[in-house]
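Listed below, chain by chain, are the residues.
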Amino acid sequence: MSHHLFRQIETLWNYMQMGHKVKPADCILVFCSNDTRVAEHAAKLYLQGYGKKILFSGKSGRFTDSLFEKTEAETFATIARDCGVPAKDILLEVESTNSGENVLFSAKLIREKGLQFSSYLVVQKPFMERRAYATFKKQWPDHYEEIQVTSQQTPIFEYTNEEQDLDNVILALVADFERIEDYAQKGFQISQDIPSEVQQAYGQIREKYLQLATQ
């Protein structure tokens, strides 16, 4: 991979993270997935005092249909308990299969349990921070709640591992970037500004990297 393409991938990767300065919130809301490091990071944030409760949201998705024995949320909750999070502070939403449902079904669960949270710390994969933020802002029934989004702050070439190899991570990164405009047009997310250098980086990745990946 050329140094120039390396920089373009980093540009897109960095854009997809919101850069929020994390502060304590009433609830840590976790969008579950195939990356169990998200559960570990959410547990770490809880243990550091950044949330009073953790809500794990997720049934299954296209990457986890046959990956876990239980739902994503139950799997993540087990990891959190193993990390030291008390069961009494864990909430489970086990029906959602996409980001929109993560938000809507979590809101429904909170209402049904009679809980009131005025601030949320959403935890996601690094390259899905922006989509989680935009979906929450669009789909959450009330719009006065304070929201922050965070993830394990890791450069892309340190984020990859045996389970999350470079090719699949870059393909997922590009796909999530494409959803920024597509999902906003469909009403799933709020619209977001995309700097010209980010658009250029995306175009060069599609032209060069994706062409090589499919050969």
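Before reading on, note that the structure itself is shown above.
Residues numbered from 1 in each chain as written. Predicted model: local features only at pLDDT ≥ 70, side-chain atom pairs only at ≥ 80, totals over all residues. Heavy atoms only, no water.

What to know about the overall build of the protein
Of regular secondary structure, the protein possesses eight helices and five strands. Beginning at the N terminus, the succession of helices and strands in the protein can be written as α-β-α-β-α-β-α-β-α-β-α-α-α. By the compact-globule yardstick of 17 Å for 215 residues, the protein fits well, its C-alpha radius of gyration being 17 Å. Looking at the protein as a whole, 51% of its 215 residues qualify as buried. Summarising the internal contacts of the protein: among those between residues at least 6 apart in sequence, 76% fall at separations of at least 24. Across the protein, the centroid of the 24 positively charged side chains sits 4 Å from that of the 30 negatively charged ones. (Helix = DSSP H or I, 4+ residues; strand = E, 2+ residues; numbered from the N terminus. Rg over C-alpha atoms; globule rule 2.2 N^0.38 Å. Buried < 20%, exposed > 50% of the residue type's maximum accessible area, 1.4 Å probe, protein only. Contact = heavy atoms within 4.5 Å. Lys, Arg positive; Asp, Glu negative; His and termini not counted. Charge placed at Lys NZ, Arg CZ, Asp CG, Glu CD.)

Quick word on the nonpolar core
Counting 21 residues, the largest nonpolar core has I28, V30, I54, F56, F76, V85 and V123 as the members making the most contacts within it. Residue assignment for this core shows that the elements contributing at least two residues are β1 (25-31), α2 (37-47), β2 (51-57), α3 (72-83) and β4 (119-123). When residues of this core are assigned to their parent elements, the largest contribution, six residues, is made by α2. Apart from the residues within four sequence positions on either side, V30 is in contact with V38, A42, I54, L55, F56, S57, F76 and V123. In terms of nonpolar packing, the next biggest core, distinct from the first, is built from 20 residues, I9, I170, F177 and I194 among them. (Core = buried A, V, L, I, M, F, W, Y, C linked by side-chain atoms within 4.5 Å.)

What about the pattern of salt bridges?
Here the structure, examined in full by the defined rule, presents ten salt bridges. The salt bridge partner of E146 is K23, with a shortest N-O separation of 3.0 Å. Separated by 123 residues along the polypeptide, E146 in strand β5 (residues 146-150) and K23 in the loop between α1 (3-15) and β1 bring together distant segments of the chain. The partly exposed category is assigned to E146, whose relative accessible area is 36%. Classification of K23 as partly exposed rests on a relative accessible area of 43%. Across the pair D89 and K53 runs a salt bridge whose closest N-O atoms are separated by 3.2 Å. Taken together, the positions of D89 in the loop between α3 and β3 (90-93) and K53 in strand β2 put the pair 36 residues apart, joining distant regions of the chain. (Salt bridge = Lys/Arg side-chain N within 4 Å of Asp/Glu carboxyl O.)

Things to note about the pairing of β5
Burial analysis of β5 places four of its five residues in the buried class, the great majority of the element. Taken together, the five bridges between β4 and β5 define a ladder with parallel strand orientation. In the sheet register, V123 faces β5, and the bridge partner there is T150. (Pairing = 2+ DSSP bridges.)

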